[in-house]
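# Structural overview for review
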Amino acid sequence: MIYKKSLLVIYERSLKEKISKKLKDYYPDRKLSIRDMTLVKNVRAMVLRFDLFEDNHKANEIYVKILEKGAKEQVLELKNLNEYKDLLLMPRIIDFFEDFNAVVMEGVKGGTLSKALVFYTLPIVGNFYEVRLLDYARKIGRGLGLLHKFTERRKLRIGDMNLGMITGVKVSPYIRTLLGVDLFNNILNRIEEIEDEKASFVQVHRDPTPHNILVKRDEVHLVDFAFKRGASFEDTLAFSIGLELMENRLPFFSKSLLEEMKHLFFNYYEEFFHHPFEEDFWSFLKLLRCLQQLIVYNQRKTSLKNYILESIDKKYLLDRIWELSLKLNLR
Ligand SMILES: Nc1ncnc2c1ncn2[C@@H]1O[C@H](COP(=O)(O)OP(=O)(O)O)[C@@H](O)[C@H]1O
Ligand SMILES: [Mg+2]
């Protein structure tokens, strides 16, 4: 959603006022005030950052994100899990503004895992940082496993979950043209089959890919929670394929490190939540996730800088799609 400038100013002003008034409730023992406000992002969703000062020192940051309608219940469910926030790797959720559909969160520190992967895998730093990367993978596996465990209520027919990775592919003329009608129809038939299967319907992060994971020394946090319910496999797919895309992109990110990270991620995930997939079923889900990623890249208006990286990804995704569809006898 792109916001008009005038609307933006009104939003910013009223959010600032609202938060200023409530700072005392959020932090009863402290004398905080808002010093600066920054529009962090205004592409898919609006994200604002408020810098909080105490005695002339910057003390804290608060992030406010405007969500799609209908997120309230999910935000409150995660807010109730604040005491586990360190294990869930989530920023503390402070408030939800119903009139704005906005979640108010504490800021977490760190740079993206994508950037960390660039530097930590350089030959010049040796394998000192491998230990740290492996620890991130463990923590993320545990965090997502716990998120799913804490929020699972029932199983649901996959076809009734309205999953973007399925609904998007089904109606995409781009994918249809790209794959050719035969392969596309075979994929549609296979989708119909899996739609009758049941899967865990949990609160998902939705996009735990390296650009939504913030790391600092041994700390790791997930940002950009979807506050939506979905299929548990959406998160495990997003993490593993997100990491594979990075391995493909980075010349010094070795296959063995990638495999070890994924191995630890799944091991720790499975300590808390089941991941019972037959190989073919999992391969087909991977195929769908790759198709969904291709659609995302195709819709994005790219700058030249991004274009270069995204072209590499597109080629990789296409290769994966051919490989998986062959393995699954879809072509
Ligand atoms: N709680 C938070 N703490 C620190 N940084 C955050 C927080 N929430 C968002 N951010 C920063 O804002 C950026 C955009 O927020 P995000 O929720 O990822 O929006 P989008 O859906 O547009 O990707 C993130 O990449 C991150 O840098
Ligand atoms: Mg993001």
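Summary of the structure given here. Since the structure is predicted, the reported quantities are computational estimates derived from the model, not experimental observations.

We now examine the packing of helix 9 (residues 232-249) against helix 11 (residues 279-299). The interhelical angle for the contact between helix 9 and helix 11, taken along N-to-C directions, is 70°, at an axis separation of 10 Å. In terms of orientation, helix 9 and helix 11 fall into the roughly perpendicular class. In the crossing of helix 9 with helix 11, the sense of the turn from one axis to the other is right-handed. When helix 9 is examined against helix 11, the residues Phe 233, Leu 237, Ala 238 and Ile 241 are found in contact with a partner set consisting of Leu 285, Lys 286, Arg 289 and Cys 290. Partitioning the contact of helix 9 with helix 11 into residue classes produces six nonpolar, no polar and two charged.

Relative to the 32 Å expected for 22 residues at 1.5 Å per residue, helix 1 (residues 5-26) spans 29 Å between its end C-alpha atoms, a close match to the ideal helical length. Of all bends in helix 1, the biggest is about 30°, found at Ser 20.

Further remarks concern helix 9. For helix 9, with 18 residues, the first-to-last C-alpha span of 27 Å sits near the 26 Å given by 1.5 Å per residue. A large share of helix 9 lies buried, amounting to 14 of its 18 residues.

It is worth spelling out the sheet that holds strand 10 (residues 219-222) at this point. A sheet is described by the order of its strands in space; here three strands give the open sequence 6-9-10, paired in antiparallel fashion. With one partner strand each, in any of the chains shown, strand 6 (111-112) and strand 10 form the two edges of the open sheet. Two elements, strand 6 and strand 9 (residues 213-216), share two bridges in a ladder whose sense is antiparallel. By the bridge assignment for strand 9, Gly 111 is matched with Val 215.

With that settled, the discussion passes to the site of ligand 1. Around ligand 1, a shell composed of 15 residues is seen, among which Tyr 63, Pro 91, Gly 107, Val 223 and Asp 224 lie nearest. Elements represented by at least two residues in the shell around ligand 1 include exactly strand 1 (33-42) and strand 3 (57-66). Residues that form the shell around ligand 1 fall into these classes: nine nonpolar, two polar and four charged.

Okay, the pairing of strand 10 next. Relative to strand 10, strand 9 is paired through four bridges, and the arrangement is antiparallel. Residue pairing in the sheet places Ile 213 in a bridge with Leu 222 of strand 10. Hairpin connection from strand 9 to strand 10: two residues lie between these consecutive antiparallel strands, with Arg 217 at a positive phi of about 50°.

So, on to the packing of helix 9 against helix 10 (residues 255-272). Between helix 9 and helix 10, whose axes approach to 10 Å, the crossing angle comes to 170°. As judged from the angle between their axes, helix 9 and helix 10 are roughly antiparallel. For the pair helix 9 and helix 10, the contacting residues are Thr 236, Phe 239, Ser 240, Leu 243, Glu 244 and Glu 247 in the first and Lys 255, Leu 258, Met 261, Lys 262, Phe 265 and Tyr 269 in the second. Among the residues making up the contact of helix 9 with helix 10, the classes are represented as six nonpolar, two polar and four charged.

Calculation notes
Residues numbered from 1 in each chain as written. Chains lettered and ligands numbered in written order. Predicted model: local features only at pLDDT ≥ 70, side-chain atom pairs only at ≥ 80, totals over all residues. Axes fitted to C-alpha atoms, helices over the stretch in contact; angles between N-to-C directions. Helix = DSSP H or I, 4+ residues; strand = E, 2+ residues; numbered from the N terminus. Parallel < 35°, antiparallel > 145°, perpendicular 65-115°, else oblique. Left-handed = near helix turned anticlockwise from the far one by under 90°. Contact = placed C-beta atoms within 7 Å. Nonpolar A, V, L, I, M, F, W, Y, C, P; charged D, E, K, R; others polar. Expected span 1.5 Å × (residues − 1). Bend = angle between axes of the 7 residues up to and from the residue. Buried ≥ 20, exposed ≤ 12 C-beta atoms within 10 Å, placed from the backbone. Pairing = 2+ DSSP bridges. Near = placed C-beta within 6 Å.

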